[in-house]
Amino acid sequence: MPNVTIIGTQWGDEGKGKIVDWLSNIADIVVRFQGGNNAGHTIQIKNKIYKLSLLPSGIIRGKLSIIGNGVVLDLWALKKEIENISKFGIKINSSNLNIAENVPLILPIHKKIDEINESFRGSNSIGTTKKGIGPAYEDKVGRRAIRLCDLFYKKGLIKKVDALVGYHNIRLKALKQKKFNSKKIYKELIKISNFILPFSKPVWKIINNAISKNKKILFEGAQGSLLDLDFGTYPFVTSSNTLAGQIFLGSGFGNKYKNYTLGITKAYTTRVGNGPFPTELKNNMGKLLLKNGREFGTVTGRKRRCGWFDAVLVKQSITLNSLNSLAITK
């Protein structure tokens, strides 16, 4: 098995989690490299159902799981997810979960801004999950994000939180919205820092050292190709790049190493949120797909829109043959 990147070829929800879970049995490391808790995978093993939104799927199989710097991380959502998965008897600690020290954080203020942005778009709303993903990426690009490594330096942290909150409070005041208190956000970050900081690691170094020792890495994509920020159905897209090329910038994986990209496709296509969907089935067939396919977002709770997709048998044949060739050797 070479290093493999799993990518959805549609708008997400193609069943990537199932394939990642299958391949993780013969991988050493599983890496998330983009997106946030606006995405995720549901994995069923026998009678147990695991719902993951931030944790890489490999955590269930006891593999080293890495959250790369291309992700935007809601610390409180991650803590809750770890607690939920731990109820299944899966122990999660710094030995099997590493988080990039330079990963940008989603703060409570980002969720509020996400809600405001959607309401101001009116009938042109994108249909975001309102979990603060987009605003967090905006702050990253704007060079005012709070990153995981900032939690190590408390004196510098309060200054950075003041600057970020002050920037956004100007707009909140203009919109006659309640302003955020930077001291409160600072205290919340300090409170959760004891829990989260042991997971902080230079994951780019861990990944490339593993490659030099012939370890096999599985890169777990979230969402789908048509939601890519640059090549998707813009502006009805997510806030990160969802294509295979993102693994290099989103994890620090060196581009000199071999990597196999596997695109996952399902027989019909679905999408959540708004945006163009020419093949949407607004009829009994669509209702049938929605019901039998259980097309309700398990992470977001949102209903998916169902549509038709061509070249089904060809795509499925390619995918199955690719999987069989990947699984021959470790």
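Reading guide: rules and limits
Within every chain, residues take consecutive numbers counted from 1 along the sequence as written. This being a predicted model, a pLDDT of at least 70 is required before a residue's local features are given, and a value of 80 or more before pairs of side-chain atoms are given or counted; all residues contribute to the totals for chains, interfaces and linings. Excluding hydrogens and water, the side-chain figures rest on all heavy atoms present in the structure. Helix and strand assignments follow DSSP, with helices taken as H or I runs no shorter than four residues and strands as E runs no shorter than two, numbered in order from the N terminus. Here the globule rule is a power law, 2.2 Å times the number of residues to the power 0.38, and the radius of gyration is based on C-alpha atoms. Buried means the residue's accessible area, taken with a 1.4 Å probe over protein chains only, is under 20% of the maximum for its type, while exposed means over 50%, and partly exposed covers the values in between. By definition in these notes, contact holds between two residues if any of their heavy atoms fall within 4.5 Å. For the area figures, the Shrake-Rupley method with a 1.4 Å probe applies, and any residue is considered shielded solely by the protein chains shown. Asp and Glu are treated as the negative residues and Lys and Arg as the positive ones, with His and the ends of the chain left uncounted. Note that the charge is assigned to NZ on lysines, CZ on arginines, CG on aspartates and CD on glutamates. Any N or O atom pair separated by 3.5 Å or less is treated as a polar contact, with the protein-specific requirement of one donor-capable and one acceptor-capable atom, and with residues adjacent in sequence counted only for side-chain atom pairs. Strands are treated as partners if at least two bridges between them are detected by DSSP. The angle between two axes is taken between their N-to-C directions and runs from 0 to 180 degrees, where each axis is a line fitted to C-alpha atoms and a helix contributes only its stretch in contact. By convention a nonpolar core is built from buried Ala, Val, Leu, Ile, Met, Phe, Trp, Tyr and Cys residues, the set being connected through side-chain atoms within 4.5 Å. Salt bridges are counted wherever a side-chain nitrogen of Lys or Arg sits within 4 Å of a carboxyl oxygen of Asp or Glu.

Asker: What is the right way to read the overall build of the chain from this model?
Answerer: The helix and strand tally for the chain stands at ten helices and eleven strands. In terms of overall size, the chain behaves like a compact globule, its C-alpha atoms giving a radius of gyration of 20 Å where 330 residues would be expected to give roughly 20 Å. Across its three principal directions, the C-alpha atoms of the chain cover 55 × 50 × 40 Å. A buried classification covers 49% of the 330 residues belonging to the chain. Of the contacts formed within the chain by residues at least 6 apart in sequence, a portion of 75% connects residues at least 24 apart. Total accessible area on the chain stands at roughly 16300 Å², and carbon and sulfur atoms take up 55% of it. When the 53 positive and 22 negative side-chain charges of the chain are each reduced to one mean point, those points stand 4 Å apart.

Asker: Even after reading the chapter, I still don't get the side chain of Ser251, so can you show me in this structure?
Answerer: The residue Ser251 is located in helix H8 (residues 246-251) in this model. Here the side chain of Ser251 touches Ile247 through a polar contact of 2.5 Å, landing on its backbone oxygen. Residue contacts for Ser251: discarding those within four places in its chain leaves Val31, Asn69, Val203, Trp204, Ile207 and Phe219.

Asker: Help me out: how do you make sense of the sheet that holds strand E8 (residues 217-220) in this one?
Answerer: Within a sheet, adjacent strands bond to each other through the backbone by hydrogen bonds, running parallel or antiparallel. The seven strands lie next to each other as E7-E6-E5-E2-E8-E1-E9, forming an open sheet whose pairing is parallel. Edge positions in the sheet fall to strand E7 (200-201) and strand E9 (260-264), since each of these pairs with one other strand and no more. Relative to E8, strand E1 (residues 4-8) runs parallel, the two sharing three bridges. Bridge pairing in E8 links Thr5 to Phe219. Set on the sheet, helix H1 (residues 16-24) makes contact with E1, strand E2 (29-32), E8 and E9; between it and E1 the angle comes to about 165 degrees.

Asker: Please clarify how the nonpolar core should be interpreted in this entry.
Answerer: Note on soluble globular proteins: their nonpolar side chains tend to be buried together. With 54 residues, the main nonpolar core has Ile99, Leu105, Leu151 and Leu189 as its most contacted residues. Filtering out sequence-adjacent residues up to four positions away, Leu105 remains in contact with Leu73, Leu75, His110, Ala136, Ile146, Arg147, Leu148, Leu151 and Leu189.

Asker: Looking at this structure, how should I read the pairing of E2?
Answerer: Consecutive side chains along a regular strand alternate between the two faces of the sheet. Along E2, one buried face is formed by Ile29 and Val31 and the opposite face, lined by Val30 and Arg32, is buried too. Note that E2 and E8 share four bridges and pair parallel. Note that in E8 the partner of Val30 across the bridge is Leu218.

Asker: Would you take a moment to explain unusual backbone geometry for this structure?
Answerer: A negative phi holds for most residues other than glycine; trans holds for most peptide bonds. A cis geometry characterises the amide bond from Tyr234 onward to Pro235, with omega recorded as 5 degrees. Within the secondary structure, Pro235 is located in the loop between E8 and H8. Located in the positive-phi region is Lys176, a residue other than glycine, with phi close to 60 degrees. Structurally, the position occupied by Lys176 is in the loop between helix H5 (154-174) and helix H6 (182-196). A relative accessible area of 78% means that Lys176 is categorised as exposed.

Asker: Can you help me understand the pattern of salt bridges in this one?
Answerer: Opposite charge on two side chains lets them pair, provided their charged atoms get close. Tallied over the entire structure, the rule returns nine salt bridges. Across the pair Arg121 and Glu118 runs a salt bridge whose closest N-O atoms are separated by 2.6 Å. Taken together, the residues span about one helical turn, with Arg121 and Glu118 both in helix H3 (residues 108-121) at a distance of three residues. Judged by relative accessible area, Arg121 falls into the partly exposed class, the value being 32%.

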